[in-house]
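Summary of the model geometry
The chain contents come next:
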Amino acid sequence: VRLYSEDDFNARPEFTDPEVLRTNLASVILQMAALGLGEIEAFPFLESPDRRQVRDGVALLHELRALDPSAAEPLTRLGRNLARLPIDPRLGRMVLEADKLGCAREVAVITAALSIQDPRERPAEQRGQADQLHARFTDRSSDFLAYVNLWRYLRSLEGELSRSQVRKRCKAEFLHYLRIREWQDLVAQLEDAGREVGLTLNDAPAEGPEIHAAILSGLLSHLGMKDGGTREYTGGRGAKFAIFPGSVLARRGPTWVMVAELVETTRLWG
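My aim in this report is to walk through the structure given alongside it, one point at a time. (Residues numbered from 1 in each chain as written. Predicted model: local features only at pLDDT ≥ 70, side-chain atom pairs only at ≥ 80, totals over all residues. Heavy atoms only, no water.)

Along its length, the protein chain carries 11 helices and six strands. In summary, the protein chain has a C-alpha radius of gyration of 21 Å against a globular reference of 18 Å for 270 residues, a match within 12%. Principal-axis analysis of the C-alpha atoms gives the protein chain an extent of 55 × 55 × 45 Å. Each of the 270 residues in the protein chain was classed as buried or not, and the buried ones make up 38%. Within the protein chain, contacts between residues at least 6 apart in sequence are counted, and of these 66% link residues at least 24 apart. For the protein chain, the exposed area adds up to about 16,300 Å²; of that, 50% sits on carbon and sulfur atoms. (Helix = DSSP H or I, 4+ residues; strand = E, 2+ residues; numbered from the N terminus. Rg over C-alpha atoms; globule rule 2.2 N^0.38 Å. Buried < 20%, exposed > 50% of the residue type's maximum accessible area, 1.4 Å probe, protein only. Contact = heavy atoms within 4.5 Å. Areas by Shrake-Rupley, 256 points an atom, 1.4 Å probe, with all protein chains shown as cover.)

What follows is the structure in C-alpha cells.
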C-alpha cells in the first residue's frame with residue numbers, strides 16, 4: 001500500500017508515459033532493423049522518443065557491434081542473432097560471446113539473473129541471518145559468480161529433494177522461490193533461443209576469466225578505473241561512481257572494475 005497526499009495525486013499526469021519513452025531504446029532499434037522497418041527517426045510513432053535516447057541506443061548497438069554504420073546493410077550478422085534472443089541487447093551480447101569462450105551455460109545463468117529481481121531476500125528484521133546464509137554463495141573476486149554458485153546449489157537441491165521440500169528450504173534460507181522459478185524459465189528460454197542461432201552449451205564447468213571476458217563484451221562502457229587514492233571510479237563519458245557497499249569488492253577497491261548497472265541514489269553507485 002502506498003499513501004500520498006491529494007495534492008500529490010492531483011499534480012500527477014493523467015496517464016503514464018508510453019513504454020517507448022521509458023525504456024532502453026537499443027532493443028527497439030535492433031528489432032526495427034531486424035524487421036526492416038527503416039530508420040527509427042523516420043518511423044511514424046504516435047509519440048516519438050527523444051532524439052537523445054535514440055542516439056544513445058544507436059551508439060550502444062555500435063558498441064556491441066550489432067550495427068555497422070559504414071556498411072550498406074547496417075545490421076550485422078551478430079546483430080541479427082542478437083535480435084533473436086529474448087533479452088536486453090547488452091546481456092544478449094554476453095551470451096553470444098560466451099559461445100566462443102566455452103562458457104555459455106554460466107553466462108546464460110548470469111544474464112537471466114540480471115534480468116529479474118534478485119532471488120536473494122534480506123528482510124529488515126532478519127538481515128544478519130540472511131546475509132550469513134547468502135555468504136555461502138559469495139565469490140571474493142566477483143558478484144557475478146555468486147549467481148553461478150547459487151544456481152549450482154539450487155540444482156543440487158532439486159536433485160536431492162522434492163519440489164515442496166525445495167520450496168521450504170528456499171523459504172528457510174531467504175531465497176524467493178517464485179523468482180527462482182522465473183530465473184529457471186528464463187535460462188531455459190535463453191538456451192532454446194541460443195540453440196536456434198547456433199549456440200553451443202558447454203558440458204564442462206567454465207572458469208572465472210572466461211566468464212568475465214564474455215560479460216565484458218556487453219559492458220565496455222561500464223568499466224571503471226580507480227581515481228587516485230579515493231574510493232571513486234571514472235567510467236565511460238567521465239561518469240564518477242563508487243562500488244556499492246553490498247558488493248564483495250567494496251572494501252578491496254581494485255584498480256579496474258566492471259559493473260552491470262549504474263544506479264543513482266545519494267550518489268552514483270556501480
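Turning our attention to the environment of Arg90. Tracing the sequence through the fold places Arg90 in helix H5 (residues 89-101). Note: C-alpha distance between Arg90 and Leu61 (29 residues apart in sequence) is 8.6 Å. With near-sequence residues (within four places) excluded, Arg90 lies in contact with Leu60, Glu63, Leu64, Gly218, Leu219, Ser221 and His222. Polar side-chain contacts of Arg90 include one of 2.7 Å to the backbone oxygen of Gly218. (Polar contact = N/O pair within 3.5 Å; in protein donor to acceptor, adjacent residues only side chain to side chain.)

Next up on the list: the packing of aromatic side chains. The geometry of two aromatic rings is summed up by the distance between their centres and the angle between their planes. The final tally for this structure, using the stated rule, is seven aromatic pairs. Measuring from ring centre to ring centre gives 6.1 Å for Phe244 and Trp269, while their planes differ by 90°; the resulting arrangement is edge-to-face. In this pair, Phe244 is assigned in the loop between strand S3 (240-242) and strand S4 (256-258) and Trp269 in strand S6 (residues 268-269), connecting sequence segments 25 residues apart. Taken together, Tyr147, Trp151 and Trp183 form an aromatic cluster joined through their ring pairs. Across from the ring centre of Tyr4, 4.1 Å away, lies the NZ or CZ of Arg12, which sits over that ring. When the ring centre of Trp269 is taken as origin, the NZ or CZ atom of Arg267, which lies over that ring, is 5.3 Å away. (Phe/Tyr/Trp six-rings, centres within 6.5 Å; stacked < 30°, edge-to-face > 60°. Lys NZ or Arg CZ within 6 Å of the ring centre and 35° of its normal.)

Once that is clear, we can look at the packing of helix H8 (residues 144-160) against helix H10 (residues 177-196). Pairs of packed helices are described in terms of their axes, by the angle between the two and the distance that separates them. H10 packs onto H8 with a crossing angle of 100° between their chain directions and a minimal axis gap of 12 Å. Classified by the interaxial angle, the pair formed by H8 and H10 is roughly perpendicular. Where H8 abuts H10, its residues Tyr147, Leu150, Trp151, Leu154 and Glu158 lie against Ile180, Trp183, Gln184 and Val187. A breakdown of the residues in the contact of H8 with H10 according to their chemical character gives seven nonpolar, one polar and one charged. (Axes fitted to C-alpha atoms, helices over the stretch in contact; angles between N-to-C directions. Parallel < 35°, antiparallel > 145°, perpendicular 65-115°, else oblique. Nonpolar A, V, L, I, M, F, W, Y, C, P; charged D, E, K, R; others polar.)

Further remarks concern a nonpolar patch on the surface. On the surface, Leu35, Leu37 and Phe43 cluster together into a nonpolar patch covering about 280 Å² of accessible area. Tracing the sequence through the fold places Leu35 in helix H2 (residues 25-35). (Patch = residues over 30% accessible without salt bridge, like charges linked within 9 Å, V, L, I, M, F, W, Y side chains within 5 Å. Salt bridge = Lys/Arg side-chain N within 4 Å of Asp/Glu carboxyl O.)

Turning our attention to the layout of surface pockets. Considering only enclosed or pocket space, the second largest pocket measures out at about 330 Å³ in volume. Residue lining of the second largest pocket: 17 residues in total, with Ala33, Gly38, Glu39, Leu67 and Pro74 positioned closest to the centre. Of all elements in the fold, only H2 and helix H3 (51-63) reach the threshold of two or more residues within the lining of the second largest pocket. Per-element tally for the lining of the second largest pocket: the top contributor is H2, with three residues. Class assignment for the residues of the lining of the second largest pocket results in 10 nonpolar, three polar and four charged. (1 Å grid on protein atoms, 1.4 Å probe; cavity = no way out; pocket = protein on both sides within 12 Å on 5 of 7 lines; lining within 4 Å. Points joined across faces, edges and corners; volume = space filled by probe spheres on them.)

This part is about the pattern of salt bridges. Going through the model one piece at a time under the given rule, you end up with 17 salt bridges. Residues Arg52 and Asp50 are paired through a salt bridge, measuring 3.9 Å at the closest nitrogen-oxygen approach. The class for Arg52 is exposed, based on a relative accessible area of 56%. Judged by its relative accessible area of 40%, Asp50 is partly exposed. Of the charged contacts, one joins Glu63 and Arg90 as a salt bridge, the two residues approaching to 3.6 Å between their closest N and O atoms. Of this pair, Glu63 sits in helix H3 while Arg90 sits in helix H5; the two residues are 27 residues apart in sequence, bridging distant segments of the chain. Using a relative accessible area of 25% as the deciding quantity, one classes Glu63 as partly exposed. By relative accessible area, which is 15% here, Arg90 ends up buried.

Let us now look at the nonpolar core. Membership of the largest hydrophobic core comes to 62 residues, with the highest contact counts inside it found for Val107, Trp183, Ile211 and Ile215. The greatest single-element share of this core, amounting to nine residues, is contributed by H8. If you look at the next biggest cluster of nonpolar residues, it comprises seven residues, including Ile243, Leu249, Ala250 and Val257. (Core = buried A, V, L, I, M, F, W, Y, C linked by side-chain atoms within 4.5 Å.)

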